[in-house]
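Below, each chain spelled out in residue letters.
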Amino acid sequence: MSVATSEVTAGETQTVVAARRLRDTRTVFIGVGRPSTAAILARMVHNPELVLVYESGTIGAKPYHIPLSIGDGELAETADSIVSVPEMFNYWIGAGRIDVAFLGAAQIDPYANLNSTVIGDYAHPKTRLPGAGGAPEIAASCGEVIVIAPHARRTLVEKLDFVTTVGHGDGPGSRERLGFRGRGPTAVITDLGVLEPDSQTKRLLLTQIHPGVELDQVREQTGWELEVADELQVTEPPTAEELAKLRELLER
Amino acid sequence: MSLPDAVAELVSDGDSVALEGFTHLIPFAAGHEIIRQGRRELELIRMTPDLLYDQMIGMGVARRLVFSYGGNPGVGGLHRFRDAIEKGWPHPIEIEEHSHAGMANRYAAGAAEMPCAVMRGYVGTDLMSKTSVAEISCPFTGERLVAVPALRPDLAIVHAQEADREGNVQLWGIPGVQKEAVLAAQRSLVTVERIVDELELRPGGIVIPGWVIDAVAEVPGGSRPSYSLGITDRDNDFYKFWDKLSRDRDQFTDWMYANVLGKEVPAT
């Protein structure tokens, strides 16, 4: 059963699409915000055994509420295990024990490389962003990376102001040359659709468009010449269950 | 020891100081005492500067900042941190930034008295050319790795739930890099929620023996608006409030004088 598209916000669709990606995932690494909401929703709807791992060292957290920070008390109280930061990065992330990582970024380029450091010049930035956090090593070592970001020209840019995190580098073979063990970004989920790297060129292709979104709108909001998959899918709208559970979660 | 006495004895202008606590157990009260005592030119080291370093930077305490993620967790940016880097207010600061993995390994190397740590990371990023990291190859397998230099702060300050009368400290919940920071530093100060006759060992608790700690000060609520699991709750509303308040220099200054310094803003 689906719900009339007009009732669903773009953000809700984005969250639901991200949650669906976790149907068969064992472990997911998440930051706060929409990624966290999506992962908790996935546990509620698709995959109750999903292991949530937060950077703060909480492994197997089972939050009832959407946490504001990655280190909220509820994550510690419900975790299967709590580890130190060096252990988190060396034994769990670096060792490749996490299947999927959700990451955000201020800028994303056509090879899904990410910038979360500065807009403008590094020494004299126009906007100083928070910085790398765990992202570079998460993207290098987790099984795959799913990027969640707003679809806007200033976000999806031809060239990054700063490469904080390597996605597919400058194309095929980049990750192998750098010695990365994870597969890298497999999707960029936006509020307009889903972009996935082309299997040959590794450049992002629009593979999925959300219901009610026009292709021209996606082109307009993409800062490079958008390439579209031959078989562009329209996203299956959120089901009544997905939407009800998401809204209930946001209300908690 | 009282907190003012401990800070007066252990913190000098120009020191490198790491106040650690990863979202949890952030030593706010100790940082505020450093501001009140008017310390200057500090090298402030912290994985996540958080609101505490935003306040210290905005009050002109920092000469240099070493960090890996300068955001307000789940809320947005840190406005005083941004203003200092983008516009040099209240004065310009130097920065050295790393990834979380890099910072965590740097502390661990410091704790082990090793000169550096070996890890996978940084390669391919623009951070490589902007920070202290070097590519090396594994002498056994030839694998491409990086080395990051050990962190050896003059002083580490952490907050914990409990200490006993001998100065042994126990913390539980998210442990962050506090133990590593204490062991990596030349000197250390631990503030605690309470002092007890005997530590009751907790599941997942970490005990830091008193003989590696220079001073313990009892400061109930000393991590607010961060939290001390089982004793105080994280004040998420304050983190949201800070996002609004700290955007404006005057509002920020007024708030710090009223709530941290406890006096009127001097006329300029």
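Residues numbered from 1 in each chain as written. Chains lettered and ligands numbered in written order. Predicted model: local features only at pLDDT ≥ 70, side-chain atom pairs only at ≥ 80, totals over all residues. Heavy atoms only, no water.

Participant: Mind showing me how you'd approach the interface of chain B and chain A here?
Facilitator: Interface extent is often summarised as the accessible area lost during association of the parts. Opposite the 46 residues of chain B that make contact, chain A presents 42 residues. Interface area for chain B against chain A, summed over the two sides, is near 3,500 Å², with a carbon-plus-sulfur share of 64%. Linking chain B with chain A are two salt bridges. At the junction of chain B with chain A, the criterion picks out 16 residue pairs in polar contact (both at pLDDT 80 or more). Elements with a contribution of two residues or more to the side of chain B that touches chain A: α4 (79-87), β6 (94-97), α5 (100-111) and α7 (236-245) of chain B. Considering only residue class, the side of chain B that touches chain A consists of 21 nonpolar, 15 polar and ten charged. (Contact = heavy atoms within 4.5 Å. Buried area = accessible area lost by both parts, 1.4 Å probe. Salt bridge = Lys/Arg side-chain N within 4 Å of Asp/Glu carboxyl O. Polar contact = N/O pair within 3.5 Å; in protein donor to acceptor, adjacent residues only side chain to side chain. Helix = DSSP H or I, 4+ residues; strand = E, 2+ residues; numbered from the N terminus. Nonpolar A, V, L, I, M, F, W, Y, C, P; charged D, E, K, R; others polar.)

Participant: Could you clarify how one ought to interpret the pattern of salt bridges in this entry?
Facilitator: Between side chains of opposite charge, a pair can form when the charged atoms approach closely. Counting across every chain of the model gives 28 salt bridges over all chains. A salt bridge links Arg183 of chain A to Glu144 of chain A; its shortest N-O distance comes to 3.1 Å. In this pair, Arg183 of chain A is assigned in the loop between α6 (174-178) and β11 (185-189) and Glu144 of chain A in strand β10 (residues 144-148), connecting sequence segments 39 residues apart. Arg39 of chain B is paired through a salt bridge with Asp13 of chain B; the nearest N and O atoms lie 2.7 Å apart. You can see Arg39 of chain B sitting in the loop between α2 (28-36) and β2 (42-45) and its partner Asp13 of chain B sitting in the loop between α1 (3-10) and β1 (16-19), a full 26 residues away along the chain. When its relative accessible area of 18% is taken as the criterion, Arg39 of chain B is described as buried. Judged by relative accessible area, which is 43%, Asp13 of chain B ranks as partly exposed. The structure contains a network of salt bridges with shared partners spanning Glu43, Arg64, Glu94, Glu96 and Arg106 of chain B. (Buried < 20%, exposed > 50% of the residue type's maximum accessible area, 1.4 Å probe, protein only.)

Participant: Looking at this model, I keep getting lost on empty space enclosed by the protein. Mind explaining?
Facilitator: Empty pockets left among the atoms are what a rolling probe the size of a water molecule brings to light. Summed over all chains, the structure comprises one cavity of 30 Å³ or more. Pro136, Ala139, Ala140, Thr165, Val166 and Phe180 of chain A together with Gly121, Tyr122, Val123 and Thr125 of chain B are the residues that line the largest cavity. Its residues placed into classes, the lining of the largest cavity shows seven nonpolar, three polar and no charged. (1 Å grid on protein atoms, 1.4 Å probe; cavity = no way out; pocket = protein on both sides within 12 Å on 5 of 7 lines; lining within 4 Å. Points joined across faces, edges and corners; volume = space filled by probe spheres on them.)

Participant: Looking at this structure, how should I read the side chain of Asn115 of chain A?
Facilitator: All names here are of chain A. Relative to the assigned elements, Asn115 resides in strand β7 (residues 114-115). We classify Asn115 as buried; its relative accessible area is 0%. Within the structure, Asn115 has its side chain in polar contact with the side chain of Gln107 (distance 2.9 Å). At 3.4 Å, the side chain of Asn115 forms a polar contact with the side chain of Thr164. For Asn115, the residues in contact, after removing those within four places along its chain, are Ala105, Ala106, Gln107, Leu129, Leu160, Asp161, Phe162 and Thr164.

Participant: Even after reading the chapter, I still don't get the sheet that holds strand β2 (residues 51-54) of chain A, so can you show me in this structure?
Facilitator: All names here are of chain A. Taken together, ten strands build an open sheet; the order of strands is β4-β3-β2-β1-β5-β10-β11-β12-β13-β14 and the sheet is mixed. The open sheet has two edge strands with one neighbour each: β4 (81-82) and β14 (228-234). Taken together, the two bridges between strand β3 (residues 58-61) and β4 define a ladder with antiparallel strand orientation. In the strand pairing of β4, Ile59 is matched with Ser81. Strands in contact with helix α1 (residues 10-20) are β5 (100-103), β10, β11, β12 (193-197) and β13 (204-209); relative to β11, the strand with the most contacts, it is inclined by about 160°. Sheet contacts for helix α2 (residues 34-45): β1 (27-30), β2, β5 and β10; angle to β2, the most-contacted strand, approximately 160°. (Pairing = 2+ DSSP bridges. Axes fitted to C-alpha atoms, helices over the stretch in contact; angles between N-to-C directions.)

Participant: What is the right way to look at the sheet that holds strand β8 (residues 134-137) of chain B in this model?
Facilitator: Through backbone hydrogen bonds, the strands of a sheet pair up, either in parallel or in antiparallel fashion. All names here are of chain B. Strands sit in the order β7-β9-β8 across an open sheet of three strands; the sheet is antiparallel. In this open sheet, the two strands that pair with only one neighbour each are β7 (116-119) and β8. The average angle at which neighbouring strand axes cross in this sheet is 35°, direction not considered. The pairing of β8 with strand β9 (residues 144-149) spans four bridges and is antiparallel. Directly across from Ser137, in β9, lies its bridge partner Arg144. With respect to the sheet, α5 is in contact with β7 and β9, its orientation differing from that of β7 by roughly 135°.

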